[in-house]
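Remarks on the overall topology
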Amino acid sequence: MPELPEAESFRRYLDSNSIKRRIEAVEVHDERVLGNASKEKMIYALKGHQIDHTVRHGKYVGAELDSSQVLVLHFGMTGSVKFFNKNDTPPRFATMQLNFEDGHCLAFTCIRILCRVFLSESMKEFIEWKKLGPDALDGLSMDLFKELISRRTGRIKAVLMDQHFLAGIGNIYADEILFRSGIHPMRTADSISEGEIASLFNNIGDVLGKAVDEGADWERFPDDYLLTVRGPMGRCPSCGTRLEMVRVSGRSSYYCPYHQFLGRVHSIDPPSHRMIF
DNA sequence: CGTGGCTCCTGGCGGC
DNA sequence: TGCCGCCAGGAGCCAC
């Protein structure tokens, strides 16, 4: 589930505790997380070096080393990072761990092994290698968004989640962005009007920006957000209609059938005012 | 170019 | 109480 806001939180976490500490040892507990380098290569690249600064592109966090190489983290669904003291109990599900000279450690944890660590010569090179689209929050202009979307014909939700199109949006935030834009997830990109494109663009910035500002902590999200009630029992925060679910590119997609409709007109009646929330 | 289906992966949950 | 089977979903891959 880590999408752009969660990745940004992890980047800030790394930035506040793991930079400028020399790496004394590297422990690889599960080699399946190694994305493009062998265990030996990974250890060689990290040992004796330190993280100078951190960057993020989409859902990827880069830890730039003093060697000018970059350690890139991708969190999959359940990935996280945990900074701790070597005398403390190490976190569960640590797949890789950096032990710093000063006695602190940084663990890259992952319950399902869907997360990956990569080694790259630079973040720029990594982005090109992965063919990632522009970051959904950083440097995306309305003109660029409009141009990118005009080349697509697939389902709008699939397009939003396509990391080659825009980097950073996953299943959950895509549902939120579509909800706030009043667009049904099954709509095709070429059916989206100019006004809807503007709405989508603004909601991408608003939703991801708000989530980043709140530290990706759902407890602090506004009451009118869909994602906090997203599920088969959920009701539209605006009108109380029971949410419906469709699958778009294999992902469950929750939407309000009253606010997000496929055709030109509503397919369902407006919600009753007597509806119990 | 697009889509659906499969794969990886395992904790958690519903059903019996 | 226990176990089976399914679900969650980010991303890559493949067939069509």
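Residues numbered from 1 in each chain as written. Chains lettered and ligands numbered in written order. Predicted model: local features only at pLDDT ≥ 70, side-chain atom pairs only at ≥ 80, totals over all residues. Heavy atoms only, no water.

Thoughts on the protein's contact with DNA strand B
Condition: Near residues are defined by distance, with any heavy atom within 4 Å of the molecule or strand qualifying the residue. In protein, a polar contact requires one atom able to donate a hydrogen and another able to accept it; more generally it is a pair of N or O atoms within 3.5 Å, and residues adjacent in sequence count only if both atoms are side-chain atoms. By the convention adopted, Pro, Cys, Tyr, Trp, Phe, Met, Ile, Leu, Val and Ala count as nonpolar, Lys, Arg, Asp and Glu as charged, and the other residues, Gly among them, as polar.
What surrounds DNA strand B is the set Arg32, Ile111, Arg112, Ile113, Leu114, Arg151, Arg152, Thr153, Gly154, Arg155 and Ser249. Sugar and phosphate atoms represent 86% of those atoms of DNA strand B found within 4 Å of the protein. Arg32 places a polar side-chain atom, nitrogen or oxygen, 3.4 Å from a phosphate oxygen of DNA strand B. The backbone of Thr153 places a nitrogen or oxygen atom 3.0 Å from a phosphate oxygen of DNA strand B. In terms of residue class, the surface near DNA strand B is built from three nonpolar, three polar and five charged.

Some remarks on the layout of surface pockets
Operational definition: Grid spacing is 1 Å over the protein atoms alone, the probe is 1.4 Å, and a cavity is where that probe fits but cannot get out, while a pocket is an open set with protein on both sides within 12 Å along at least five of seven lines and lining residues have an atom within 4 Å of a point. Grid points are joined across faces, edges and corners, and a volume is the space filled by probe spheres set on the points. An automatic or database domain assignment supplies the residue ranges for each domain.
Its boundaries defined by the atoms lining it, the largest pocket holds a volume of some 500 Å³. Along its surface, the largest pocket is lined by 16 residues, and Lys59, Met77, Gly170, Asn171 and Arg251 are the ones closest to its centre. In terms of residue class, the lining of the largest pocket is made up of seven nonpolar, six polar and three charged. Viewed by domain, the lining of the largest pocket spans two of them, domain 1 (4–130) and domain 2 (142–276), each represented by three or more residues.

As for the pairing of strand 4 (residues 70–74)
Rules: Each residue is placed in one exposure class: buried if its accessible area under a 1.4 Å probe, protein chains only, is under 20% of its type's maximum, exposed if it is over 50%, and partly exposed if it falls in between. Strands are runs of DSSP state E lasting at least two residues, helices are runs of H or I lasting at least four, and both sets are numbered from the N terminus onward. By this definition, two strands are paired if DSSP reports at least two bridges between them.
Burial within strand 4 is extensive, with five of its five residues counted as buried. Both faces of strand 4 are covered, namely the face carrying Val70, Val72 and His74 and the face carrying Leu71 and Leu73. Across five bridges, the pairing between strand 3 (residues 60–65) and strand 4 is antiparallel. Counterpart to Ala63 in the pairing with strand 4 is Leu71. In textbook terms, the turn of a hairpin is the stretch between consecutive antiparallel strands, and for strand 3 and strand 4 this stretch comprises four residues, one of which, Ser68, has a positive phi near 80°. Across five bridges, strand 4 lies against strand 8 (residues 116–120) in antiparallel orientation. The residue of strand 8 that forms the bridge with Leu73 is Val117.

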